[in-house]
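Spelled out from the first residue to the last, the chains are:
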Amino acid sequence: MTRTRGHAAALAGAAAVIAATTLAAPTAGAEAAGAGGGITGQAPCPEAPEFLCGTLAVPLDHSGATPGTLRLRVAVTRTTPAPRGDLLFLTGGPGQPGIPAMRRTAGSLEPVLKDYRLVMFDQRGTGLGALQCPGLQEDMGSSDLAVPRRRSVTDCAAALGPDARHYSTADTVADIDLLRRALGARRLTLDGVSYGTFTAQRYALAHPTRVARLVLDSVTPRRGMDPLDLAALPATARILRDACRATGCTTDPAADLAATVRRYGNGAQILSTLTGYEFIDPDYGGIPEILHEAAAGTPAKLQDLFDLVHREVDTATAGELSQGLHSATVCADSHFPWGTTDTPLEGRAAALERTRRHLTPEQTWPYDPRTATGLGSLLVCLDWPRQPVPPTPPDHRRLPDVPVLLLGGDRDLATPYELMDEYTEFAHHPRRVIVPGAAHSVQNRAENPAGREAVHAFLLQ
């Protein structure tokens, strides 16, 4: 979850024309189809008739204490037999639907789709069933770092009400197991990108015997979002300097960034903007020059950059990336300087300020401590109403002993490859692939094919 940034542009792509079969058709080693209630209304997907779409009914509250049912859209491709079973691709955010990404995902995975049946679905609170928070959507779009208006946060929380607590990752994990049963699959191969990596590993922890292998692309922290983003802050220096060398710039963009933050106190806005800009240009072309001018006291081009990224990258509808769902999930899942969202509102701000005072320059450079405590997702949850939160898996729990591929780009600021380090003990002998020149979401966005080729080889080995 954590560095869970995604952009709606990542959902567009070329078609992969592959024949579809019925959603209830069992895959290799399947248990009785329909054990989870079945998938209804099967028909060619309106957006992509080469896929078959249907609907899976799941309870709003898996404990049964709160009545209600959600209907999740499911899409499947591939003909049977699929000798290696079902491959469930998990999109990011949290807040991105799966159905709009079908064609692009099938295109990137095409070499393995003679062996797997590709499955995608709109997770609860996304897509046509997106949670709607208009003010927060306007403020944040597809960003999870943009700073929202406080009124937008309180309006969103009021609109969602107490049902917001049923949109955690734990709820989605329970949905996935109902989907597995409805597909008639004994085990799933999971391929997650960004927040999808968090969902995948939480499913694997909850249902270790139901996982065949894991692809984790642009990995998030294993324990959930770091609200202070203490991996991305120092990684910015490495990424900008590497990009600078690749493009032949003659300045030190990290030093200029630090000087700019000292001069204007706009570190959170810069980090949000740079994270969005990687979707435009993973070489961060022009950024060193903009930061150099801003550090010298001429910030006009920096303001133009803010406007460009907001307009071209961060603007998104709730159907593309639901900020209501994003906020409900992040606030339910995460641990903050004040504790969890089950902590009373009184005292949260004081705890955050204490954290700011104890942060060191080494933790935050080339930004400052106020950047770490001023990021959008953290501030959303600072004002989120108190509510029960799902339990966190114990730290000693490891992923099941199945093959794991960790995939990242060396230009990814959203989920820097340094986050892979904590998976060394969390996973059993994971394979690690870092793709030069690639930014966030390697499989679907990188020009360098090395990441896709690594995935294909891993899934077919």
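Everything here concerns the structure above.
Calculation criteria
- Residues numbered from 1 in each chain as written.
- Predicted model: local features only at pLDDT ≥ 70, side-chain atom pairs only at ≥ 80, totals over all residues.
- Heavy atoms only, no water.
- Helix = DSSP H or I, 4+ residues; strand = E, 2+ residues; numbered from the N terminus.
- Rg over C-alpha atoms; globule rule 2.2 N^0.38 Å.
- Areas by Shrake-Rupley, 256 points an atom, 1.4 Å probe, with all protein chains shown as cover.
- Lys, Arg positive; Asp, Glu negative; His and termini not counted.
- Charge placed at Lys NZ, Arg CZ, Asp CG, Glu CD.
- Salt bridge = Lys/Arg side-chain N within 4 Å of Asp/Glu carboxyl O.
- Core = buried A, V, L, I, M, F, W, Y, C linked by side-chain atoms within 4.5 Å.
- Buried < 20%, exposed > 50% of the residue type's maximum accessible area, 1.4 Å probe, protein only.
- Contact = heavy atoms within 4.5 Å.
- Right-handed = clockwise from strand over helix to strand, strands pointing away.
- Pairing = 2+ DSSP bridges.
- Axes fitted to C-alpha atoms, helices over the stretch in contact; angles between N-to-C directions.
- Disulfide = S-S within 2.5 Å.

(A) Up close: the overall build of the protein. A count of helices and strands for the protein gives 18 helices and 9 strands. Relative to a compact globule of 461 residues, whose C-alpha radius of gyration would be 23 Å, the protein shows 21 Å and is just as compact. Projected onto its principal axes, the C-alpha positions of the protein cover 65 × 50 × 40 Å. Per element, the accessible surface of the protein, about 16,900 Å² overall, is 53% carbon and sulfur. In the protein, the 44 positive side-chain charges and the 50 negative ones have mean positions that sit 5 Å from each other.

(B) Looking closely at the pattern of salt bridges. Applying the stated criterion across every chain yields a total of 22 salt bridges. With a shortest N-O distance of 2.9 Å, aspartate 155 and arginine 151 are connected by a salt bridge. You can see aspartate 155 and its partner arginine 151 sitting in helix H3 (residues 150-160), 4 residues apart, about one turn around the helix. Arginine 386 is the partner of aspartate 342 in a salt bridge, and the nearest nitrogen-oxygen pair spans 3.4 Å. Taken as a pair, aspartate 342 in the loop between helix H11 (323-333) and helix H12 (348-358) and arginine 386 in the loop between helix H15 (376-382) and strand E8 (404-409) lie far apart in primary sequence, 44 residues in all. Among the ionic contacts, a cluster of salt bridges with common partners joins Glu138, Asp139 and Arg149.

(C) A look at the nonpolar core. Within the largest apolar cluster, 93 residues are counted, with the highest numbers of intra-cluster contacts made by Leu88, Leu179, Leu214 and Trp384. Discounting residues that sit within four places of it in the chain, tryptophan 384 has contacts with Val153, Cys156, Ala157, Leu160, Ala164, Ser327, Ala328, Cys331, Thr341, Leu345 and Arg348. Counting 30 residues, the second largest nonpolar core, distinct from the first, contains Ala48, Ala75, Ala454 and Leu459.

(D) Geometry of the pairing of strand E4 (residues 86-90). The buried fraction of E4 amounts to 5 of the 5 residues, a majority that puts the element mostly inside the structure. Chirality of the crossover, the property in question, places the unit of E4, helix H1 (residues 102-109) and strand E5 (residues 117-121) among those that are right-handed.

(E) Main features of the sheet that holds E4. Strands sit in the order E1-E2-E3-E5-E4-E6-E7-E8-E9 across an open sheet of 9 strands; the sheet is mixed. Where the open sheet ends on each side, the last strands, each with one partner, are strand E1 (39-44) and strand E9 (431-435). Going across the sheet, the axis of each strand differs from the next one's by a mean of 20 degrees, ignoring polarity. On top of the sheet, helix H4 (residues 169-183) reaches E1, strand E2 (52-59), strand E3 (69-76), E4, E5 and strand E6 (188-193); it is set at about 125 degrees to E2, its chief contact.

(F) Broad picture of the environment of valine 112. Position of valine 112 among the secondary structure elements: in the loop between H1 and E5. Sequence separation between valine 112 and alanine 101 is 11 residues; the distance between their C-alpha atoms is 17 Å. What valine 112 contacts, discounting residues up to four positions off in sequence, is Leu87, His456, Leu459 and Leu460.

(G) Geometry of the state of the cysteines. Taken as a whole and assessed by the stated rule, the structure comprises 4 disulfides. Disulfide pairing is shown between cysteine 133 and cysteine 156; the S-S distance is 2.1 Å. The sign of the S-S torsion, about 70 degrees, decides the handedness of the disulfide formed by cysteine 133 and cysteine 156: right-handed. Of this pair, cysteine 133 sits in the loop between E5 and helix H2 (134-140) while cysteine 156 sits in helix H3, placing them 23 residues apart in sequence. You can call cysteine 133 buried: its relative accessible area is 3%. Given a relative accessible area of 1%, cysteine 156 falls into the buried group. The disulfide partner of cysteine 244 is cysteine 249, and the S-S distance across this bridge is 1.5 Å. Disulfide cysteine 244-cysteine 249: torsion about the S-S bond near -95 degrees, hence left-handed. Considered together, cysteine 244 and cysteine 249 belong to a single accessibility category, that of buried residues. Each disulfide in the protein links cysteines that, numbered along the sequence, combine into the pattern 1-2, 3-4, 5-6, 7-8.

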